[in-house]
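Breakdown of the fold
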Amino acid sequence: AKERGRNTYQFFSSDMTAKALQRLTMENDLRQALHRGEFTLYFQPQVNVMTGEVEGAEALLRWEHPEKGMVLPARFIQIAEETGLIIPIGEWVLAQACAQCKAWQEAGYRRLRVSVNLSATQFLRHVELIRTVTRTLHEVRLDPDQLELEITESLLIQNTEEHVATLQKLGKLGTPISVDDFGTGYSSLSYLKRLPIDVLKIDRSFVRDLEADPDDAAIVRAIIALAHSLKLRVVAEGVETRGQLEVLRHLECDQYQGYLFSRPLPAAEFEARFLRPISL
Ligand code: C2E
Ligand code: CA
Ligand code: CA
Ligand code: CA
């Protein structure tokens, strides 16, 4: 039994060493990525359910790794959070998204709102966050209403006075606040009326089986009714089929995102496919 114990230990040990090494490499690469200009933003359309018009875009981070190719956020956001690198990366995302939005506006396209995801670390460092958002909007000379900030519902579960204060300060800047992954946080709904939020984004997991599962349909219906009674806009994520969109239209959801309309695209491609001049 002793021997088996030792072997088990060795097995885990070497496995963990490999993982730790991989992680360390990732961390070092991540440190260099900003300076080397390896990050880029993709944009996914936020579409009006009733009219089919593109009213906004969610900025989604991509890492063009010199050897690994395109790396998705699921592979590196957590490490960025743990190492604190998410702060400079998040600042870059915010600046880049605002600059792109301004550039499109100056090119004479119809007004578009750009949503940016905030990490937990960014949100918790609220003094820095508010300063950064204020400075970025000022530097880019972007109307605060053209930026939207997404925070995940799980962040709001604690519902501390500090979080309320942070959201109120962000809200005062004039930038809409969106609650991402709504419905997955299992939080009390009472916080909704206390917090200055503007948008609920229904998590993809409820949209997926919307047509087949009556429970999911009931949840989505309830979220939309709740949002509207609180005068919030409601966005469905991960819409992949016409059937899902039909249900959402029936339930009077405001906007949707998903592969049905478009995957996230590089800025130039997004512009070519979805942006229209004001005059037309
Ligand atoms: P999220 O904020 O929930 O973003 C939506 C994710 O769903 C995106 O994945 C998007 O590509 C994907 N998606 C969109 N439509 C569909 C669909 O119809 N079907 C399916 N299956 N997926 C769809 P992505 O770009 O890989 O981002 C994953 C997560 O990484 C995001 O989830 C967000 O939490 C985080 N993230 C992305 N960019 C940033 C960023 O700039 N900063 C921070 N802090 N987090 C980011
Ligand atoms: Ca999001
Ligand atoms: Ca989401
Ligand atoms: Ca999500």
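Quick summary incoming for the structure in this document. (Residues numbered from 1 in each chain as written. Chains lettered and ligands numbered in written order. Predicted model: local features only at pLDDT ≥ 70, side-chain atom pairs only at ≥ 80, totals over all residues. Heavy atoms only, no water.)

On to the overall build of the chain, then. When its secondary structure is counted, the chain shows twelve helices and ten strands. Since a compact globule built from 280 residues should have a radius of gyration of about 19 Å, the 21 Å found for the chain is in line with a globular shape. Based on the C-alpha atoms only, the size of the chain along its principal axes is roughly 70 × 45 × 40 Å. Going through the 280 residues of the chain one by one, you find that 45% of them count as buried. At a minimum sequence separation of 6, the contacts of the chain that also span at least 24 residues come to 68%. Of the roughly 14,700 Å² of accessible surface on the chain, 52% is carried by carbon and sulfur atoms. (Helix = DSSP H or I, 4+ residues; strand = E, 2+ residues; numbered from the N terminus. Rg over C-alpha atoms; globule rule 2.2 N^0.38 Å. Buried < 20%, exposed > 50% of the residue type's maximum accessible area, 1.4 Å probe, protein only. Contact = heavy atoms within 4.5 Å. Areas by Shrake-Rupley, 256 points an atom, 1.4 Å probe, with all protein chains shown as cover.)

Quick look at helix H12 (residues 267-274) now. An α-helical turn contains 3.6 residues, so a residue and the one three or four places further along point in the same direction. Buried within H12 are the following residues: Ala 267, Phe 270 and Phe 274. Seen along its axis, H12 keeps its buried residues to an arc of 65°; they face one direction. Of the exposed residues in H12, the ones pointing more than 90 degrees away from its buried face are Ala 268 and Ala 272. On the buried face of H12, the contacting elements are strand S1 (39-48), strand S2 (54-65), helix H3 (86-106) and strand S10 (265-266). (Arc of directions from axis to C-beta.)

Of the protein atoms, only Glu 58 (OE), Asn 117 (OD1), Glu 150 (OE) and Asp 180 (OD) coordinate the calcium ion (ligand 2), at distances of 2.1 to 2.3 Å. Counting along the primary sequence, the residues that act as donors to the calcium ion (ligand 2) give the motif E-x58-N-x32-E-x29-D. Between the calcium ion (ligand 2) and the calcium ion (ligand 3) the interatomic distance amounts to 4.0 Å, and Asp 180 serves as a bridging ligand to the pair. Of this pair, Asn 117 sits in strand S4 (residues 113-117) while Asp 180 sits in strand S6 (residues 177-182), and the two are 63 residues apart along the sequence. Asp 180 gets classed as buried once you look at its relative accessible area, which sits at 6%. (Donors = N, O, S within 2.8 Å, 3.2 Å for Na, K, Ca; no water.)

A word on the packing of helix H5 (residues 126-140) against helix H7 (residues 161-172). Two elements in contact, H5 and H7, have axes separated by 10 Å at closest approach and are oriented at 5°. One way to sum up the angle between H5 and H7 is to call them roughly parallel. Of H7, the residues touching H5 (which contributes His 126, Leu 129, Ile 130 and Val 133) are Glu 162, Thr 166, Lys 169 and Leu 170. (Axes fitted to C-alpha atoms, helices over the stretch in contact; angles between N-to-C directions. Parallel < 35°, antiparallel > 145°, perpendicular 65-115°, else oblique.)

A few words now on unusual backbone geometry. Despite not being glycine, Arg 141 has its phi angle at roughly 55°, a positive value. Here Arg 141 shows up in the loop between H5 and strand S5 (147-152). Exposure remark for Arg 141: the relative accessible area of 59% places this residue in the exposed category.

This part is about the environment of Ala 97. Tracing the chain through its elements places Ala 97 in helix H3. Residue classification places Ala 97 among the buried residues on the basis of a relative accessible area of 0%. Note: C-alpha distance between Ala 97 and Leu 60 (37 residues apart in sequence) is 9.4 Å. With near-sequence residues (within four places) excluded, Ala 97 lies in contact with Leu 41, Ala 59, Val 114 and Val 116.

Moving on, we get to the site of ligand 1. Of all residues adjacent to ligand 1, which total 21 residues, the nearest are Gln 44, Arg 62, Arg 204, Glu 240 and Tyr 259. Interatomic distance of 3.2 Å between a side-chain N/O atom of Glu 58 and an oxygen atom of ligand 1. Surface burial for ligand 1 is 82%, taken as the share of its 790 Å² of free accessible area covered by protein chains. Elements with a minimum of two residues in the shell around ligand 1: S2, helix H2 (73-83) and S6. In terms of residue count, the dominant contributor to the shell around ligand 1 is S2 (four residues). Along the lines of polarity and charge, the residues of the shell around ligand 1 split into nine nonpolar, five polar and seven charged. (Near = heavy atom within 4 Å. Polar contact = N/O pair within 3.5 Å; in protein donor to acceptor, adjacent residues only side chain to side chain. Nonpolar A, V, L, I, M, F, W, Y, C, P; charged D, E, K, R; others polar.)

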